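The chain contents come next:
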Amino acid sequence: MGRSQVVPRGRDPRFGPEADDAGCTILHVDMDAFFASVAVRAQPELRGKPVVVGGIGPRGVVSSASYEARRFGVRSAMPTARARALCPQAIFLPVDGPAISAASASVMAIFRDVTPLVEPLSSDEAFLDVAGAQRLLGRPAVIARKIRERMYEEQQLTCSVGVAPTKFVAKLGSTRAKPDGMVVVPAALVLDFLHPLPVDALWGVGERAAETLRRLGLTTVGELAHAPYGMLRRAVGEAAAAHLHELSWGRDPRRVTPEREEKSIGAEMTFDTDVADRELLRRSLLALAEKTGARLRASGQVGRTVAIKVRLADFRTVNRSRTVPTSTDVAREIFETSWGLFEALGATDHIRLVGVRVEGLSPAATTSRQLSLGEPERGWREAEAAADAVAARFGRASVGPASLLGRSDLRRTENHPQRTVVPLSEPPTPS
């Protein structure tokens, strides 16, 4: 998608909630400042104040900013240090993963109450095809209004909705509607809506492509639409030229696809300061393997390939992967493979970031697992499933590998009645 900040905001009566929505059966619903809004919902005293959510360390990145913080120029994906400089009075909060997951599940449940044709794009936005819901719920604009009302009444969260004949135009509509608004783009006015927009608004046009197009004198979508196709092809290549030409005329044949196949599941961490300590790196990879295993089990998937990502202090990035004998969702197995890959690198430089992911996913329920010779029928997999149950009840911090804890942590653990420590070296004895 083109950068959302280039799409002009503001109300235009031609594209207001009462505009003609005949044939506009595609909705794009986007929650407003989702991570920040969830944080404010949990702490109502923050309402009306600049709130920034994301990594709060020196190398952190902004995940979301309230609209009060955005007035100072704070944006998502901005380094937290830059956000602090722009808005030192803001309240900076870490991402509350469990709260975000719960809120996202509730948001998606509201969407699926309206139609089974829901295509999530992220935790806080989705396309909906409401063609089949009109007989029961009314016109597309009426459905969009009901979604916004339910979202506020049930979740105390606001959202913006684009209603249009195609996915691309609906996405632009929700962007223009922000915050807490709705834009309807009538089928007959799609070009009136699109053509005044800057070329940056087109799906797939980044800064470099936009600069190339501007050098050709193409600054708006309308100018691109009327440009000679040969000139466009020479500038950006055949595939991109065809893609941009179609979008500039409002043509987007893609349907709403309810199931999006996940290609990999993983986790990364960026260190506040560059790290060379091998024991710290080992523990970091273990923590990432634990998180990856938990996410795999929660999604009901297993994978055949374990991969690591290592970013050095000079920003060089190295990726390594290994296919394991049998598909897995076991953190212990993911860690052993990850650590083997890391040791094989022989990295001696300081490291800025490490990541672990599992690829080649398949449903756990239909994927057979072959036991290795001498392997007990019950062991790490059952222990980690039990740990998932403990975490679901008491929180993820309530259970974990003992090797992730330092001496002071272990002392605290011994006095914590709800903490379960799983040794790293020995598999549990089945009961």
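Sequence order sets the numbering: in each chain, residues are counted from 1 along the sequence as written. The predicted origin of the model limits local features to residues at a pLDDT of at least 70 and limits the giving and counting of side-chain atom pairs to 80 or more, whereas totals for whole chains, interfaces and linings rest on all residues. Heavy atoms from the whole structure form the basis of all side-chain values; hydrogens and water molecules are not counted.

Caption draft 1: A look at the packing of aromatic side chains. Only Phe, Tyr and Trp rings are paired, with Trp represented by its six-membered ring, and only when their centres lie within 6.5 Å; those with planes under 30 degrees apart are stacked, over 60 edge-to-face, the remainder tilted. If you walk through the whole model with that rule in mind, you get four aromatic pairs. Here Phe15 and Phe193 contribute two aromatic rings whose centre-to-centre distance is 5.2 Å and whose plane-to-plane angle is 75 degrees, an arrangement assigned as edge-to-face. Highlighted residues: Phe15 in the segment before strand 1 (26-31) and Phe193 in helix 8 (residues 190-194), separated in sequence by 178 residues. Residues Phe15 and Phe193 agree in their burial class; the two are buried. Aromatic side chains Phe168 and Trp203 sit 6.0 Å apart centroid to centroid with 40 degrees between the ring planes, which places their arrangement in the tilted category. Of this pair, Phe168 sits in helix 7 (residues 167-177) while Trp203 sits in the loop between helix 8 and helix 9 (207-215), and the two are 35 residues apart along the sequence. Classification of residues uses two cut-offs on accessible area relative to the type maximum, computed with a 1.4 Å probe and protein chains only: under 20% is buried, over 50% is exposed, and between them is partly exposed. With relative accessibility at 1%, the residue Phe168 sits in the buried group. Only runs of H or I of at least four residues qualify as helices and only runs of E of at least two qualify as strands under DSSP, and these elements are numbered from the N terminus.

Caption draft 2: Quick peek at the packing of helix 4 (residues 97-114) against helix 6 (residues 140-155). Structural elements are reduced to axes, namely lines fitted to C-alpha atoms, with helices fitted over the stretch in contact, and the angle between N-to-C directions of any two is expressed from 0 to 180 degrees. As a packed pair, helix 4 and helix 6 sit with axes 11 Å apart at the nearest point and diverge in direction by 145 degrees. Seen from above, helix 4 lies across helix 6 with right-handed handedness. On helix 6, the residues touching Ser106, Val107, Ile110, Phe111, Asp113 and Val114 of helix 4 are Ile143, Ile147, Arg150, Met151, Glu154 and Gln155. Whether a crossing is left-handed or right-handed is set by the direction in which the near helix is turned from the far one by less than a right angle, anticlockwise for left-handed and clockwise for right-handed. Note on contacts: a residue pair qualifies if any of its non-hydrogen atoms lie within 4.5 Å across the two residues.

Caption draft 3: Structural view of the pattern of salt bridges. When a carboxyl oxygen of Asp or Glu is within 4 Å of a side-chain nitrogen of Lys or Arg, the pair counts as a salt bridge. Tallying each qualifying case throughout the model produces 23 salt bridges. When the shortest N-O distance is used, the salt bridge between Arg150 and Asp113 registers 3.1 Å. Residue Arg150 is found in helix 6, and its partner Asp113 is found in helix 4; the two are separated by 37 residues along the sequence. Using a relative accessible area of 26% as the deciding quantity, one classes Arg150 as partly exposed. A salt bridge links Arg357 to Glu359; its shortest N-O distance comes to 2.5 Å. Look at Arg357 and you get partly exposed, because its relative accessible area is 25%. Sharing partners across several salt bridges, the network here consists of Asp12, Arg14 and Arg176.

Caption draft 4: Structural view of the sheet that holds strand 11 (residues 317-328). Taking strand neighbours across the sheet as the criterion, the four strands line up as 9-12-10-11 in an open arrangement whose pairing is antiparallel. Sheet topology places strand 9 (264-275) and strand 11 at the edges, where each strand pairs with a single neighbour. This sheet shows a mean twist of 15 degrees between the axes of neighbouring strands, independent of strand direction. Relative to strand 11, strand 10 (residues 301-312) runs antiparallel, the two sharing eight bridges. Each residue of the ladder has a partner; that of Val306, found in strand 11, is Arg322. The pairing criterion is simple: DSSP has to find at least two bridges between the two strands.

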